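Structural overview
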Amino acid sequence: QVQLVESGGGLVQAGGSLRLSCAASGRTFSSYGMGWFRQAPGREREFVAAISVRGSTFYADSVKGRFTISRDNAKNTVYLQQNSLKPEDTAVYYCAADLWGPGGTFRAAYEYWGQGTQVTVSS
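Keep in mind the model is a prediction, meaning the values are calculated, not measured.

Next up on the list: unusual backbone geometry. Phi angles above zero are rare outside glycine, and Asn 76 is one such case at about 55 degrees. Within the secondary structure layout, Asn 76 lies in the loop between strand 7 (67-72) and strand 8 (77-82). A positive phi angle, near 50 degrees, is found at Ser 84, a position not held by glycine. Among the secondary structure elements, Ser 84 is positioned in the loop between strand 8 and strand 9 (91-98).

A few words on the nonpolar core. Core analysis: the biggest nonpolar cluster contains 33 residues, and Leu 4, Met 34, Trp 36, Val 48, Val 78, Leu 80 and Tyr 93 have the highest contact counts within it. Counting residues per element, the ones that place at least two in this core are strand 3 (18-24), strand 4 (33-39), strand 5 (46-51), strand 7, strand 8, strand 9 and strand 11 (117-122). Not counting chain neighbours up to four residues away, the residues in contact with Leu 4 comprise Cys 22, Ala 23, Ala 24, Met 34, Cys 95, Ala 96, Ala 97, Tyr 112, Trp 113, Gly 114 and Gln 115.

Attention shifts here to the sheet that holds strand 7. What the four strands build is an open sheet, ordered 1-3-8-7; its pairing is antiparallel. Each edge of the sheet is formed by a strand with only one pairing partner; in this case those strands are strand 1 (4-7) and strand 7. Ignoring strand direction, the axes of neighbouring strands in this sheet form an average angle of 15 degrees. Direction of pairing for strand 3 relative to strand 8: antiparallel, over a ladder of six bridges. Residue pairing across strands places Leu 20 opposite Leu 80, the latter belonging to strand 8.

Thresholds applied
Residues numbered from 1 in each chain as written. Predicted model: local features only at pLDDT ≥ 70, side-chain atom pairs only at ≥ 80, totals over all residues. Heavy atoms only, no water. Helix = DSSP H or I, 4+ residues; strand = E, 2+ residues; numbered from the N terminus. Core = buried A, V, L, I, M, F, W, Y, C linked by side-chain atoms within 4.5 Å. Buried < 20%, exposed > 50% of the residue type's maximum accessible area, 1.4 Å probe, protein only. Contact = heavy atoms within 4.5 Å. Pairing = 2+ DSSP bridges. Axes fitted to C-alpha atoms, helices over the stretch in contact; angles between N-to-C directions.

Spelled out as structure tokens, the structure:
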């Protein structure tokens, strides 16, 4: 069983920045592929960013160049640095863990999910 706890969400003006954190339980965090997804009201949960065990990163086109995913295996934590935020980035952001693979862009690849953290960007 893996528990994921997100933090760092909040209300920010357009153009501002936030850093989301996701703390994971488990002794083998370094072997998990990790991802961030988001869900806006009335919309499907969508891929945002992922980082593999080896540190390879993947981004949705909508956030490329503005968001950065990183991981600290010593702290069992994955981060999502969000810069140049836009109102359309408003959503609940979820952290997810893929225990058996590299993570990637597909929701079905992830076995464990956090409870989510709200990000609201005002115009």
